[in-house]
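Close look at the chain arrangement
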Amino acid sequence: MMSLKRKTMAKWCVAIGLILMLLGYYALQPAIVFHSPNEDEYLGKAVCTYSGEQVRLYIKDKPVVYRIPYTYNWSGDDEVAFFMKNYGNVLKKDDIDFWRLDIYLDKDGYCIKSEKRRLLNLFPW
């Protein structure tokens, strides 16, 4: 009877451990967050040369979050570019030294200010 409880507990521990690892992997990924006072708006697109993905950035009642692919496999030529109406930026591997970058836009799409957040002031390790 006791071995059945231990096996069940071991299975639950493995399952919970895997879930926590996946959540940690997702949460530690660098992100850029665009804040705008407009409720529904097309901002532009983000293009990453490492992954080849093109993401359209839409604001729909909440800030837009763009998660940057992990940079440990990037070469020196890889970059993320943002093409927007009144804001543009290109980030290379050396520029991504943050855990979260908050960009505040006015109602016309111009950048008012930006804030870098680091994970416990340790990121990048």
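The structure this text deals with has already been given above.
Residues numbered from 1 in each chain as written. Predicted model: local features only at pLDDT ≥ 70, side-chain atom pairs only at ≥ 80, totals over all residues. Heavy atoms only, no water.

A separate point is the packing of aromatic side chains. Evaluation of the coordinates by the stated rule reveals three aromatic pairs. Between F34 and F82 the ring centres are 5.6 Å apart and the planes differ by 70°, which places this aromatic pair in the edge-to-face class. Residue F34 is located in strand 1 (residues 31–35), and its partner F82 is located in strand 5 (residues 79–84); the two are separated by 48 residues in the primary sequence. Residues F34 and F82 agree in their burial class; the two are buried. Aromatic side chains Y42 and Y58 sit 5.0 Å apart centroid to centroid with 50° between the ring planes, which places their arrangement in the tilted category. Taken together, the positions of Y42 in strand 2 (residues 40–48) and Y58 in strand 3 (residues 54–60) put the pair 16 residues apart, joining distant regions of the chain. On the basis of relative accessible area, Y42 is assigned to the partly exposed category, the value being 42%. Its guanidinium or amino end placed over the ring of Y58, K60 lies 5.7 Å from that ring's centre, counting from NZ or CZ. (Phe/Tyr/Trp six-rings, centres within 6.5 Å; stacked < 30°, edge-to-face > 60°. Helix = DSSP H or I, 4+ residues; strand = E, 2+ residues; numbered from the N terminus. Buried < 20%, exposed > 50% of the residue type's maximum accessible area, 1.4 Å probe, protein only. Lys NZ or Arg CZ within 6 Å of the ring centre and 35° of its normal.)

Opposite charge on two side chains permits pairing when their charged atoms draw close. Scanning all chains against the criterion turns up four salt bridges. Measuring nitrogen to oxygen at the nearest pair gives 3.4 Å for the salt bridge that ties K113 to E115. For K113, a relative accessible area of 43% translates into the label partly exposed. For E115, a relative accessible area of 31% gives the class partly exposed. A network of salt bridges, in which partner residues are shared, links R100, D102 and R117. (Salt bridge = Lys/Arg side-chain N within 4 Å of Asp/Glu carboxyl O.)

Turning our attention to the nonpolar core. If you look at the biggest cluster of nonpolar residues, it comprises 21 residues, and the most contacted ones within it are I32, F34, L43, L57, Y66, I68 and F82. Every element with two or more residues in this core is listed here: strand 1, strand 2, strand 3, strand 4 (64–67), strand 5 and strand 7 (100–105). The residues contacting F34, other than those within four sequence positions of it, are L43, L57, P63, V64, F82, M84, Y87, I103 and L105. (Core = buried A, V, L, I, M, F, W, Y, C linked by side-chain atoms within 4.5 Å. Contact = heavy atoms within 4.5 Å.)

A word on the sheet that holds strand 3. Here we have four strands laid out as an open sheet, ordered 3-2-5-6, and antiparallel in their pairing. Of all strands in the sheet, those with a lone pairing partner are strand 3 and strand 6 (88–92), marking the two edges. Taken pair by pair, the neighbouring strands of this sheet meet at an average axis angle of 20°, ignoring direction. Across five bridges, the pairing between strand 5 and strand 6 is antiparallel. Within strand 6, the residue paired with F82 across the bridge is N89. (Pairing = 2+ DSSP bridges. Axes fitted to C-alpha atoms, helices over the stretch in contact; angles between N-to-C directions.)

Bridging between strand 7 and strand 8 (residues 111–117) involves six bridges; their strand directions are antiparallel. Across the sheet, the residue bridging to R100 is R117, located in strand 8.

If you trace the backbone, H35 turns up in strand 1. A polar atom in the side chain of H35 sits 3.2 Å from the side chain of D102. Apart from the residues lying within four places of it in its own chain, the contact partners of H35 are P63, R100, D102, I103, Y104 and L105. (Polar contact = N/O pair within 3.5 Å; in protein donor to acceptor, adjacent residues only side chain to side chain.)

These figures capture arrangement, not role.
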